[in-house]
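Structural overview
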Amino acid sequence: MKRVSLTQYLVEQQREHGRIPPELRLLIEVVARACKHIAIAVNKGALGDVLGSAHSENVQGEIQKKLDVISNEVLIEANEWGGHLAAMASEEMDSIHVVPNRYPQGEYMLLFDPLDGSSNIDVNVSIGTIFSVLRKIGHARGVSEEDFLQPGKQQAAAGYCVYGPQTMLVLTVGNGVAMFTLDRETGSWVLTQQDVRIPEDTKEFAINMSNLRHWAPPVKRYIDECLAGKTGPRGKDFNMRWVASMVADVHRILMRGGVFLYPWDQREPEKPGKLRLMYEANPMAFLVEQAGGLATNGRERILDIVPTRLHERVSVILGSKNEVETATRYHAE
Ligand code: P6P
């Protein structure tokens, strides 16, 4: 197959579909380049001074790993001078990072979880960078946190980079999902799959089973039926996967189907879920829907949720259409 680079793919998308104005193309290429730098740091492991704790806490109250901080800095430094962004938001920063006055401001806003799956960094299990792109509404100069509080259906683009056996960039601009594999010899992102489709049915579910006793009844019912297998109400046996890196679990689902659940549980009843809406659930929901899957919080489409806070959390059920519909229906019954 003729090798198509990320740049060529983006230029052709703009030429054929007019979906990627030059500033958005620049943004995506800058993020892709930043992910290459993060991949290099991640792959150093113990040979670089990148493992272990940074001995600091983030807004989530989580101890930051050195690579969390490094990845966040790489994305900030790569994106603030280009003139394509008004501001950025990150899981690792309490408030938004407005592009400094010494640089021109653009119309886009970039949100990211710079390194998701941090509990896996030190044990060499796949981790990833998740990003979401919103447009600033209105052209008044200046940008505030309120400008970010848009429902996920308004995303201009979304994607992730998974640092696994291959380093892959997975992207949507609203015209399907494309996947690029990093060619380390040339340092370029090569198109290796496009028009990704998630099978509507699956026999594979992903959930952290250790929380079983804390789940609400609809989740217990759905998982019990999967576990009952061929002789149970579902009439088929299920398999289970749980990487504890959302990027890795979602990548598997985009590649071969499956259903991923991180539901509300009674451990912290005041929190709607563990995962963050703006820079984890929304970008993943956009990708999954663009690939023919579904993503709900058990009650409504994740992309319809109107955010009230930058770091708000949400329950997530996403993946193969028919399974997400079943699990969501159980919440309504
Ligand atoms: P648990 C990683 O910390 C993360 O945010 C997601 O990537 C992942 O799906 C989830 O949390 C894992 O959570 O409770 O199973 O460790």
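Structure's up top.
In this report, the structure presented in the accompanying data block is examined.

Definitions and limits used
- Residues numbered from 1 in each chain as written.
- Predicted model: local features only at pLDDT ≥ 70, side-chain atom pairs only at ≥ 80, totals over all residues.
- Heavy atoms only, no water.
- 1 Å grid on protein atoms, 1.4 Å probe; cavity = no way out; pocket = protein on both sides within 12 Å on 5 of 7 lines; lining within 4 Å.
- Points joined across faces, edges and corners; volume = space filled by probe spheres on them.
- Helix = DSSP H or I, 4+ residues; strand = E, 2+ residues; numbered from the N terminus.
- Buried < 20%, exposed > 50% of the residue type's maximum accessible area, 1.4 Å probe, protein only.
- Near = heavy atom within 4 Å.
- Polar contact = N/O pair within 3.5 Å; in protein donor to acceptor, adjacent residues only side chain to side chain.
- Sits in = over half its atoms within 2 Å of the grid points.
- Nonpolar A, V, L, I, M, F, W, Y, C, P; charged D, E, K, R; others polar.
- Pairing = 2+ DSSP bridges.
- Contact = heavy atoms within 4.5 Å.
- Axes fitted to C-alpha atoms, helices over the stretch in contact; angles between N-to-C directions.
- Salt bridge = Lys/Arg side-chain N within 4 Å of Asp/Glu carboxyl O.

Put simply, the largest pocket is a space of about 440 Å³. Around the largest pocket, the lining is made up of 25 residues, and of these Gly117, Ser118, Ser119, Ala244 and Lys274 lie nearest the centre. Mapped onto the lining of the largest pocket, the elements with two or more residues apiece are strand E2 (63-65), strand E5 (108-116), helix H6 (246-256), strand E13 (259-262) and strand E14 (275-276). Looking at the lining of the largest pocket element by element, the count peaks at three residues for E5.

What follows is about unusual backbone geometry. What you tend to see is this: most non-glycine residues have negative phi, and most peptide bonds are trans. The phi angle at His55 is positive, at roughly 55°, despite the residue not being glycine. For His55, a relative accessible area of 73% corresponds to the exposed category. We note that Ala244 has phi near 70°; this positive angle belongs to a residue other than glycine. Tracing the backbone through its elements, the reader meets Ala244 in the loop between strand E12 (239-240) and H6. Assessed through its relative accessible area of 36%, Ala244 is described here as partly exposed.

Taken together, 13 residues surround the ligand, and among them Asp116, Asn208, Trp242, Met246 and Tyr262 come closest. At 2.7 Å, a backbone N or O of Met246 approaches an oxygen atom of the ligand. Between the ligand and Lys274 there is a distance of 3.0 Å, counted from an oxygen atom to a side-chain nitrogen or oxygen. In this structure the site holding the ligand corresponds to the largest pocket. For the shell around the ligand, the secondary-structure elements that each account for two or more residues are E13 and E14. Classifying every residue of the shell around the ligand by side-chain character gives six nonpolar, three polar and four charged.

Within a sheet, adjacent strands bond to each other through the backbone by hydrogen bonds, running parallel or antiparallel. With mixed pairing, the five strands of this open sheet are ordered in space as E12-E11-E13-E17-E15. Bordering the open sheet on either side are E12 and strand E15 (294-296), each of which pairs with just one other strand. Across four bridges, the pairing between E13 and strand E17 (residues 316-319) is antiparallel. Bridge pairing in E17 links Phe260 to Leu318. Its contacts with the sheet place helix H7 (residues 277-290) against E15 and E17, and it is angled at close to 25° to E17.

Burial analysis of strand E9 (residues 177-183) places six of its seven residues in the buried class, which makes it a mostly covered element. Relative to E9, strand E8 (residues 167-172) runs antiparallel, the two being bridged by five bridges. By the bridge assignment, Met168 is partnered in E9 with Thr181. The turn linking E8 back onto E9 is made up of four residues, and Gly174 within it adopts a positive phi angle of 95°. Pairing geometry for E9 and strand E10 (residues 188-194), over six bridges, is antiparallel. Residue pairing in the sheet places Leu182 in a bridge with Trp189 of E10. Remark: four residues form the turn of the hairpin made by E9 and E10, two consecutive strands paired antiparallel; Gly187 in that turn has positive phi of roughly 75°.

Across all of its chains, the model carries 21 salt bridges by this definition. Here Arg221 ties to Glu333 by a salt bridge, and the two come within 2.7 Å at their closest N and O atoms. Residue Arg221 is located in helix H5 (residues 217-228), and its partner Glu333 is located in the segment after helix H8 (321-332); the two are separated by 112 residues in the primary sequence. In this structure, the salt-bridge partner of Arg276 is Glu280, at a minimum N-O distance of 3.5 Å. One continuous salt-bridge network, built from bridges that share partners, spans Glu62, Glu91, Arg276 and Glu280.

Here we take up the sheet that holds strand E6 (residues 127-135). Taken together, the eight strands give an open sheet; going across it, the order is E4-E3-E5-E6-E7-E8-E9-E10, and neighbouring strands pair in mixed fashion. Strand pairing shows two members of the sheet lacking a second neighbour, strand E4 (97-98) and E10, which therefore form its edges. As defined by bridge partners, E5 adjoins E6 across seven bridges and the pair is classed as antiparallel. Paired with Asp116 across the two strands is Gly128, which belongs to E6. Its contacts with the sheet place H6 against E5, E6, strand E7 (157-163), E8, E9 and E10, and it is angled at close to 105° to E7.

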